Amino acid sequence: WSYRKNADGTITIYAYNGEISGTVEIPSQIDGLTVTAIGNDVFGECDKLEKIVIPEIVESIGDDCFSYCYNLKKITLPKNLKKIGERAFSHNLSLESIIIPEGITEIGSLAFAECSKLERVYIPATVTQINETAFDGCGHVTICAPKNSVAHIFAEENGIVFEQYGQVSKTDVDLLAGQTMIDISIPAKETLKGKTFVVTGDLYNYLSREDLKKIIEQYGGKLTGSVSSKTTALITNFPDSGTTKIK
């Protein structure tokens with residue numbers, strides 16, 4: 001990794017010097033210094049990149065950072081992220097969904113442009129500015145966001161399909177609950193009736209813990225605070241945690 005120091009003592013990565021193929025995990029520290037930003041065009045045109053793992057501490061993703069990564073299918077954005085740069089994920093032809101974490105305030109111009117397979121984007125109420133070109137060329141995208149949010153208004157003004165949080169489809173539940181490895185059949189309203197779940201850890205793939213609770217309850221399930229003999233499954237990002245409740 002090549003990096004430069006920021007004024008606050010953290011660092012910005014500006015180049016990756018290894019072979020880029022399959023999964024690349026960005027470190028949270030390099031030489032004892034905390035990584036808080038990924039610079040411009042670090043992974044641009046890396047067509048063998050399939051998955052990127054970004055540490056939670058990262059606050060900024062630069063312009064063109066992951067553009068033209070044709071096979072990039074999996075992106076988990078860190079919960080501390082504040083800014084997505086211009087064209088940051090443009091022309092990612094394999095990307096189907098993305099969750100914008102709480103805390104982001106701005107989505108830059110052409111940020112997800114020409115992501116032709118992009119179907120669903122979850123945008124929180126913290127986003128106060130979306131460039132009008134952010135989703136250019138995404139002909140099948142649906143924006144999922146709180147009602148009357150900036151994202152809701154943006155969708156309506158730009159002719160993009162809008163879906164309010166709480167109007168959950170099979171795709172939503174698959175995306176939100178996929179890591180539990182439980183087969184969830186939608187749209188039966190009582191799908192989770194009699195099932196009890198426990199959530200643990202930072203679930204950065206979910207909209208929020210409260211949103212996940214609402215989804216489980218909407219389909220008849222129950223969320224509790226601790227694992228017991230009545231627990232159907234533990235929902236966690238760590239499937240090797242040792243409990244038999246992960247199925």
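Anyway, here's the lowdown on the structure attached to this text. (Residues numbered from 1 in each chain as written. Predicted model: local features only at pLDDT ≥ 70, side-chain atom pairs only at ≥ 80, totals over all residues. Heavy atoms only, no water.)

1. What to know about helix α1 (residues 150–157)
Line of reasoning, step 1. Listing the buried residues of α1 in full gives Ala151, His152, Phe154 and Ala155. Mapping the buried residues of α1 onto a view down its axis gives an arc of 165°, with all of them on the same face. Turned more than 90 degrees off the buried face of α1, the exposed positions are Glu156 and Glu157.
Line of reasoning, step 2. On its buried face, α1 is in contact with β13 (129–130), β14 (142–145) and β15 (161–164).
Line of reasoning, step 3. The positive-phi residue at the C-terminal boundary of α1 is Gly159, with phi of around 65°. (Buried < 20%, exposed > 50% of the residue type's maximum accessible area, 1.4 Å probe, protein only. Helix = DSSP H or I, 4+ residues; strand = E, 2+ residues; numbered from the N terminus. Arc of directions from axis to C-beta. Contact = heavy atoms within 4.5 Å.)

2. A short note on the pairing of β14
Line of reasoning, step 1. Side chains Thr142 and Cys144 of β14 all project onto a buried face; the interleaved residues Ile143 and Ala145 project onto the opposite face, where all are buried too.
Line of reasoning, step 2. Bridge count for strand β12 (residues 120–122) against β14 is three bridges, and the pairing is parallel. Of the residues in β14, the one forming a bridge with Arg120 is Thr142.
Line of reasoning, step 3. With four bridges joining them, β14 and β15 adopt parallel strand pairing. Looking across to β15, one finds that Ile143 is bridged to Phe162.
Line of reasoning, step 4. With respect to chirality, the unit in which β14 leads through α1 into the neighbouring parallel β15 is right-handed. (Pairing = 2+ DSSP bridges. Right-handed = clockwise from strand over helix to strand, strands pointing away.)

3. Some remarks on a nonpolar patch on the surface
Line of reasoning, step 1. Where nonpolar side chains cluster on the molecular surface, the patch consists of Tyr68, Tyr70 and Leu93 and spans about 250 Å² of accessible area.
Line of reasoning, step 2. Looking at the secondary structure, you find Tyr68 in the loop between β7 (60–61) and β8 (74–76).
Line of reasoning, step 3. The class of Tyr68 is partly exposed, set by a relative accessible area of 32%. (Patch = residues over 30% accessible without salt bridge, like charges linked within 9 Å, V, L, I, M, F, W, Y side chains within 5 Å. Areas by Shrake-Rupley, 256 points an atom, 1.4 Å probe, with all protein chains shown as cover. Salt bridge = Lys/Arg side-chain N within 4 Å of Asp/Glu carboxyl O.)

4. Looking at the side chain of Arg120
Line of reasoning, step 1. Checked against the element boundaries, Arg120 lands in strand β12.
Line of reasoning, step 2. Only 2.7 Å separates the side chain of Arg120 from the side chain of Glu163, close enough to count as a polar contact. (Polar contact = N/O pair within 3.5 Å; in protein donor to acceptor, adjacent residues only side chain to side chain.)

5. Examining the pattern of salt bridges
When charged atoms on two side chains of opposite charge get close, those side chains can pair.
Line of reasoning, step 1. Tallying each qualifying case throughout the model produces four salt bridges.
Line of reasoning, step 2. We note a salt bridge from Arg120 to Glu163, for which the minimum N-O separation is 2.7 Å. Taken together, the residues Arg120 in strand β12 and Glu163 in strand β15 connect sequence positions 43 residues apart. Here the two residues Arg120 and Glu163 agree in accessibility, since each one is buried.
Line of reasoning, step 3. Lys213 is the salt-bridge partner of Glu217, the closest N and O atoms lying 2.7 Å from each other.

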